[in-house]
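A structural walkthrough
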Amino acid sequence: MTSIAPTELQRLIASAFDAQGWEYDLSIGPKFVDAIRKRGTAEPAQLVQLLPGVFFERNRVDRALVEDAIANAIGGRSVQEAGNMPATVVIGSNNYQLNVGAGASIVNSNVNLGAGAQVNVGSDASKEDVLLAVEAIVRAGLAGDWSDDAGRDLGRALSARSDLSYEDVQHVAANVAKAEQPTKQRAKDFLTRVAASGLSGALATGITAGLGEALTHLPV
């Protein structure tokens with residue numbers, strides 16, 4: 001039996017549904033995670049029952065085919081209940097240890113930010129590395145580990161880039177929130193911290209817009 005992080009489990013289901021051309025509702029992943037936690041392992045026959053009838057009508061598919069897709073994606077797996085793990089974000093000459101949830105990055109699925117990864121944001125950093133740093137501080141912030149200093153340093157690094165805008169930050173923040181599924185209150189508390197830090201520019205605007213976009217999909 002293989003254990004995987006909740007965010008990775010939701011990504012696998014979303015990918016499996018996307019591959020079939022089925023519409024993926026953001027409420028599906030959290031329901032599956034909760035059911036697997038209660039049951040111990042992913043049982044496709046049980047999970048397919050959690051999908052509303054409109055899902056099958058809209059996608060013109062029968063339950064047997066969806067059950068097979070779920071089995072191929074996550075059948076027999078369990079939810080890994082891992083604590084927060086530190087990632088190091090290096091911005092210029094400053095090192096920040098941030099506690100982020102376990103699981104693969106949404107910016108680069110080949111990077112596991114929750115396994116002691118190090119992200120370097122220097123003057124020659126790639127666009128992807130800068131967005132990985134954005135993901136790391138957003139994930140840390142949603143886990144209650146926001147760093148004002150890291151936010152300010154990353155904000156300055158972003159403002160010096162002509163190839164990045166607040167829309168890039170917004171996209172990352174929204175997708176992190178959708179993957180992590182924090183409560184609405186936790187997301188609001190994080191936004192309050194960001195506002196209180198005095199952060200401005202593309203980083204603050206993007207985080208605020210991204211979390212605002214995701215709020216309607218988050219659990220109470």
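As shown above, the structure is provided for reference.
This write-up is about the structure you can find in this document. Please read all numbers here as calculations on a predicted model, not as lab measurements. (Residues numbered from 1 in each chain as written. Predicted model: local features only at pLDDT ≥ 70, side-chain atom pairs only at ≥ 80, totals over all residues. Heavy atoms only, no water.)

**What about the overall build of the protein chain?**
Looking only at helices and strands, the protein chain has 10 helices and 5 strands in total. Expected size for 220 residues packed as a compact globule is a radius of gyration near 17 Å; at 18 Å, the protein chain falls within 12% of this value. For the C-alpha atoms alone, the extent of the protein chain along its principal axes is close to 55 × 35 × 30 Å. Taking all 220 residues of the protein chain together, 48% fall into the buried category. In the protein chain, once contacts between residues fewer than 6 apart in sequence are set aside, the share between residues at least 24 apart is 71%. Approximately 10,400 Å² of the protein chain is accessible, and the part contributed by carbon and sulfur atoms is 46%. Placing the 19 positive and 25 negative side-chain charges of the protein chain at their respective mean positions leaves the two points 5 Å apart. (Helix = DSSP H or I, 4+ residues; strand = E, 2+ residues; numbered from the N terminus. Rg over C-alpha atoms; globule rule 2.2 N^0.38 Å. Buried < 20%, exposed > 50% of the residue type's maximum accessible area, 1.4 Å probe, protein only. Contact = heavy atoms within 4.5 Å. Areas by Shrake-Rupley, 256 points an atom, 1.4 Å probe, with all protein chains shown as cover. Lys, Arg positive; Asp, Glu negative; His and termini not counted. Charge placed at Lys NZ, Arg CZ, Asp CG, Glu CD.)

**Regarding unusual backbone geometry**
Phi at Arg60 is positive, roughly 50°, even though this residue is not glycine. Tracing the chain through its elements places Arg60 in the loop between α4 (53–59) and α5 (63–74). Despite not being glycine, Gln181 shows a phi value in the positive range, around 55°. Relative to the elements of secondary structure, Gln181 occurs in the loop between α8 (166–180) and α9 (184–196).

**Examining the environment of Asn72**
Along the chain, the position of Asn72 falls in helix α5. According to the relative accessible area criterion, Asn72 is exposed, its value standing at 70%. Considering only alpha carbons, one finds Asn72 and Ile13, 59 residues apart in sequence, at a separation of 9.6 Å.

**Describing the side chain of Asp153**
Position of Asp153 among the secondary structure elements: in helix α7 (residues 148–159). Of the residues examined, Asp153 reaches a relative accessible area of 10% and is grouped as buried. Looking at Asp153, its side chain comes within polar contact range of the side chain of Tyr96, at 2.5 Å. Here the side chain of Asp153 touches Arg156 through a polar contact of 2.4 Å, side chain to side chain. Excluding anything up to four places from it in sequence, Asp153 contacts Ile91, Asn94 and Tyr96. (Polar contact = N/O pair within 3.5 Å; in protein donor to acceptor, adjacent residues only side chain to side chain.)

**Looking at the environment of Gln10**
Position of Gln10 among the secondary structure elements: in helix α1 (residues 6–20). Among the residues examined, Gln10 registers a relative accessible area of 10% and is labelled buried. Residue contacts for Gln10: discarding those within four places in its chain leaves Tyr24, Gly29, Pro30, Val33, Lys178, Ala179 and Gln181.

**Here we look at the packing of aromatic side chains**
Enumeration over the complete set of coordinates arrives at 6 aromatic pairs. Look at Phe17 and Trp22: their rings are 5.4 Å apart centre to centre, the planes differ by 75°, and that puts the pair in the edge-to-face class. As far as the burial class goes, Phe17 and Trp22 line up, both buried. Grouping aromatic residues by their ring pairs yields a cluster made of Phe17, Trp22, Tyr24, Phe55 and Phe56. (Phe/Tyr/Trp six-rings, centres within 6.5 Å; stacked < 30°, edge-to-face > 60°.)

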